[in-house]
Amino acid sequence: RLTNACVLAIAAASGSAVHGFQLAPAPRIASSMQVSATMDPVVTETSPTDESNSSMTFAEINKLAYRALQRECKSLELEAVGTTSALRWRLLDHFGLIKESTAVVEVPKATAAEIEELCATEGITFCDESDPDFDFKSVLSDVMQKSAMGHWKSATRKLKKLTKQYSSADRPVPREAYLAVLEACAADRLNGARASEPARRILEDMATFGFEIPAELANTCVVSSLGEGPGGTHDQCGGIDSALAMVAAIESSPDGADILTDASYCRLVSALAKDGAIEEAELVLRSMVVEKSFTPPLGTFADVAKAAARSEGDHVEDVLQVLTYAKAAGYELDNIAAVETGRELLASGVIAAEKMDNLALGLRLLTAAAKAEGCAPDSGDDLVASSSSAAQRACTLIHKRAIGKACDDDNWKLAVKLLELMPRRSLTPATSVWRRVLSTCCKNEKSRKATAILLDWVTLAAEGKAEKPPVAVFNTVVNTCEVCGEEELTVKVLDVMKDTLDLQGNIITFNIALKRLAKIGNPAGCEGILIGMLNEGLEPNVVSYTTAIGACAKEGKKDAVTAYLWLQRMRTRDVKPNYHTYNTALAACLDGKLENTFLGAKIAEEMMEDAEKEVTCGLKGSVNFKSALPDSYTQLLARQLMKQLRENWRSGDIDMALAKSTTRVPLLKLVDFDKTVDEARMAEIQCDVPEEESVENADQDYEFTLLKEMHKDDHRTAMV
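The model shown is predicted, which means the values in this text are computed figures rather than measured ones.

Enquirer: Can you lay out the overall build of the chain for me, pointing to particular residues and giving the numbers?
Expert: Counting its regular elements, the chain contains 38 helices and zero strands. The 720 residues of the chain split such that 46% are buried.

Enquirer: Please set out the packing of aromatic side chains residue by residue, giving values where relevant.
Expert: Within this structure, the stated rule accounts for seven aromatic pairs. For the pair Y178 and F209, a centre-to-centre distance of 6.3 Å together with 35 degrees between the ring planes defines the contact as tilted. Here F209 lies in the loop between α11 (196–208) and α12 (215–224) and Y178 lies in helix α10 (residues 175–192), a separation of 31 residues in the sequence. For F209, a relative accessible area of 21% puts it in the partly exposed group. Consider the rings of Y265 and F294, whose centres lie 6.1 Å apart with planes at 45 degrees: the pair is tilted.

Enquirer: Please set out helix α27 (residues 507–519) residue by residue, giving values where relevant.
Expert: Between its terminal C-alpha atoms α27 stretches 18 Å, which fits the 18 Å expected from 13 residues at 1.5 Å a residue. Every buried residue of α27 is accounted for by I507, I508, T509, F510, N511, I512, L514, K515, L517 and A518. Immediately beyond the C-terminal end of α27, within one or two residues, lies G521, with a positive phi of roughly 70 degrees.

Enquirer: So what's going on with the pattern of salt bridges? Which residues, and what values?
Expert: All told, the structure shown has 27 salt bridges when counted by the stated rule. A salt bridge links E197 to R200, with the shortest nitrogen-to-oxygen separation between them at 2.3 Å. Taken together, the residues E197 and R200, both in helix α11 and three residues apart, mark about one turn of the helix. Residues K306 and E344 are paired through a salt bridge, measuring 3.4 Å at the closest nitrogen-oxygen approach. Highlighted residues: K306 in helix α16 (residues 298–310) and E344 in helix α18 (residues 340–355), separated in sequence by 38 residues. Taking relative accessible area as the criterion, E344 reaches 23% and is therefore assigned partly exposed. What emerges from the salt-bridge pattern is a single network uniting E354, D357, R393 and R401.

Enquirer: So what's going on with the nonpolar core? Residues and values would help.
Expert: Of all hydrophobic cores here, the largest spans 194 residues; its most connected members are F301, L345 and I403. Ignoring any residue separated from it by four or fewer positions in sequence, one finds I403 in contact with A415, L418, L419, M422, V433 and V437. With five residues, the next largest nonpolar core counts L594, L645, I654 and A659 among its residues.

Enquirer: Account for the side chain of N596, with residues named and values stated.
Expert: Within the element layout of this structure, N596 appears in helix α32 (residues 594–617). Leaving out residues up to four positions away in the same chain, N596 has contacts with A560, C589 and D591.

Enquirer: Explain the packing of helix α24 (residues 447–462) against helix α25 (residues 471–483) to me, and be specific about the residues and the numbers.
Expert: Contact geometry for α24 and α25: axes closest at 9 Å, N-to-C directions at 155 degrees. As far as their axial angle goes, α25 and α24 are roughly antiparallel. Classified by chirality, the crossing of α25 by α24 is left-handed. Of the residues in α25, those in contact with S447, A450, T451, L454, W457 and V458 of α24 are V473, F474, V477, T480 and C481.

Enquirer: Explain unusual backbone geometry to me, and be specific about the residues and the numbers.
Expert: You will see that E77, though not glycine, has its phi angle at about 60 degrees, which is positive. The topology assignment puts E77 in the loop between α5 (66–75) and α6 (84–94). Despite not being glycine, D357 has its phi angle at roughly 60 degrees, a positive value. With respect to the element layout, D357 can be found in the loop between α18 and α19 (359–371). The exposure class of D357 is partly exposed, given its relative accessible area of 46%.

Enquirer: Residue-level account of the side chain of R425, with values.
Expert: Tracing the backbone shows R425 in the loop between α22 (412–424) and α23 (431–443). The contacts of R425, once residues within four sequence positions are left out, are L363, L366, T367, D381, D382, A385 and H399.

Enquirer: Break down the confidence of the model for the chain for me, with residues and values.
Expert: This prediction gives the chain a mean pLDDT of 82; 81% of its residues lie at or above 70. Confidence drops under a pLDDT of 50 for residues 1–54, and excluding neighbours within four residues, the segment shows 74 contacts in the predicted structure. pLDDT under 50 marks residues 689–720. Its contacts with residues more than four places away, or in other chains, come to 64 contacts.

Enquirer: Would you mind going over the state of the cysteines in detail, with residue names and values included?
Expert: In this structure the tally under the stated criterion is zero disulfides. Unpaired in terms of disulfides, C526 finds its nearest cysteine sulfur in C552, a separation of 7.4 Å. A relative accessible area of 0% places C526 in the buried class.

Enquirer: An account of the environment of N541 is needed here, citing residue identities and associated values.
Expert: With respect to the secondary-structure elements, N541 resides in the loop between α28 (523–535) and α29 (542–551). Assessed through its relative accessible area of 17%, N541 is described here as buried. Expressed as a C-alpha distance, the spacing of N541 and N511, which sit 30 residues apart in the sequence, is 9.2 Å.

Enquirer: Tell me about the environment of A184, and name the residues and values.
Expert: Its location among the elements puts A184 in helix α10. Taking the relative accessible area as the measure of exposure, A184 reaches 6% and is therefore buried. With 35 residues separating them along the chain, A184 and M149 place their C-alpha atoms 8.2 Å apart. If we skip the residues at most four places from it in the chain, A184 touches S147, W152 and N191.

Enquirer: Tell me about the environment of D255, and name the residues and values.
Expert: On the secondary structure map, D255 appears in the loop between α13 (240–252) and α14 (262–274). Here D255 falls in the exposed class, since its relative accessible area comes to 59%. Each C-alpha atom of the pair D255 and I213 lies 8.7 Å from the other, and the pair is 42 residues apart in sequence.

Enquirer: Go over α12, please, and point to the residues and values.
Expert: Inspection of α12 places L217, A218, N219, C221, V222 and S224 among the buried residues, and these make up the whole buried set. Summarising the contacts, the buried residues of α12 are in contact with α10, α11, α13 and α14.

Parameters and conventions
- Residues numbered from 1 in each chain as written.
- Predicted model: local features only at pLDDT ≥ 70, side-chain atom pairs only at ≥ 80, totals over all residues.
- Heavy atoms only, no water.
- Helix = DSSP H or I, 4+ residues; strand = E, 2+ residues; numbered from the N terminus.
- Buried < 20%, exposed > 50% of the residue type's maximum accessible area, 1.4 Å probe, protein only.
- Phe/Tyr/Trp six-rings, centres within 6.5 Å; stacked < 30°, edge-to-face > 60°.
- Expected span 1.5 Å × (residues − 1).
- Salt bridge = Lys/Arg side-chain N within 4 Å of Asp/Glu carboxyl O.
- Core = buried A, V, L, I, M, F, W, Y, C linked by side-chain atoms within 4.5 Å.
- Contact = heavy atoms within 4.5 Å.
- Axes fitted to C-alpha atoms, helices over the stretch in contact; angles between N-to-C directions.
- Parallel < 35°, antiparallel > 145°, perpendicular 65-115°, else oblique.
- Left-handed = near helix turned anticlockwise from the far one by under 90°.
- pLDDT = per-residue confidence, 0-100.
- Disulfide = S-S within 2.5 Å.

In structure tokens, the structure reads:
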């Protein structure tokens, strides 16, 4: 009875169990501060009615990682700043999953009568000599012991038990206990990141209770929680979410703004960039540079820039923002190419510039790289362009587009400069790029520059760094040298063509040679060229014969007989004269002689026959190459021949009536030709059976440009 009375009396007075007796211990009600810190709020079990009103359950909220909690809070317009427990608490409160604890502790009580009856024995006194903090101290001792031994799992469980069951507002868990367990967790890089979550909870509890966190320990936890796996994990442990939650807890602790170092932030930024979280990486990077005045290493900027450059859409433009942060941190773009990470940053900028089609920015970054010192024996722009396949592709496309734009603007100087930079930057110009630059130089009659570019192209082709120039390119340069009067360059280009392509050229090459002889009025030389073409197996075309006839129309060396002879020869080779050919032959007859006037009339008659046949039967093929219809220049030449005929009869060389009735008739027909033929004449004309038209060679366009250059001297004679 005395024992029972003692037990009942003590239970009624203290409301707690006595150590050593098998009585159920009274549940301890945790304070609101402890509930928040331990992340174990009292939640309601959602009934079917509750689930219909909530879009998330407690289990779903409890599974969310740190960034997922932030996204949910933002979507619900809740504050998205704080520790993991704070974010989770907001979501639980928003969905009505938290209720006040109404646990009632039933303590066995004894009535006064029972106590008096049981304690009636005189001379007996009762004294409770037990330590009320015995259990708290015992568990705390276990926590410190396990932490000292490095048993972080046991220490974490003991700390959780101590916090939940034995701590209170008057008897909180001491800071040393948290630090001991945190040090045990942080050992061996958070024990291979497996202790990331316990470390994160400890840091959040310390921040909640206002405990100061050691800087070295805090930085170790953040860095060690990040690995190289997906989401910044290490063997599926730790990760970016754990690191971000740790950073939020540390920054909310006393003096937390100055605890983390730039190395910790840089590690977090690189992990975010690698995970594709470009916006979050930029925010942290901006905070480092703008708010904390850190100077991150170039590798951190390069990691974010590379991730943004690899992405599609709006994130490509974020590379420019990263470059801006780098300049704000004190880096100069003209110097950073001296180190590999700086070249990676510039290469990312070039890739982004190509995707945005910002040619000026891409070229500016390469120019900045070229100015960097310490890259010898290479240059900075060469190293940037060859840093990766993506960078090399972007640099090549930027140069190609810039050259195309310069050629479109007829800016041959800029086009040549950009082309010369490509081999220096280990970029291989495409054949189309070489040809565009050469065409622009030739168009502007820059024969020496065009020859120099062609020779550079041939040199690179010999080294296997480019394709061999085609024959058409050599022809273009030769023609330009001829136009500019550079005979030595002409011979040099022809020799190089023979050595490079192992051939004398194609029909255009021979036509250019004909042009050279035609300019000096050498019909015999032209005849030799045509014979050489036939020996090479090349059939002269209408341009070839027209150029040879042009040699007979050179002012002061006109030879109408030879010109007419060439007309006959080309017909025997089944090459039909066109209006250029007839015009050139008519021009060769303008030397004042009567016999040449007769030849001119005969040529006019043949031209009329071909013109009437063309009107009747139709034209097959290109107008520029096939048509024999007289044009305005034909009519001008016909009038000049009639004027020459008039001078002939005035000088007594021919009877006027005879001249008007014979020689002048075909010339008048040319002047009066209106592209119509009467029905009687059409009935007489026999049309040829149409042959299958072959595909015109692409070089015909260039041949026609030669034809268009005819007749430019005082009598517009053949200057092909």
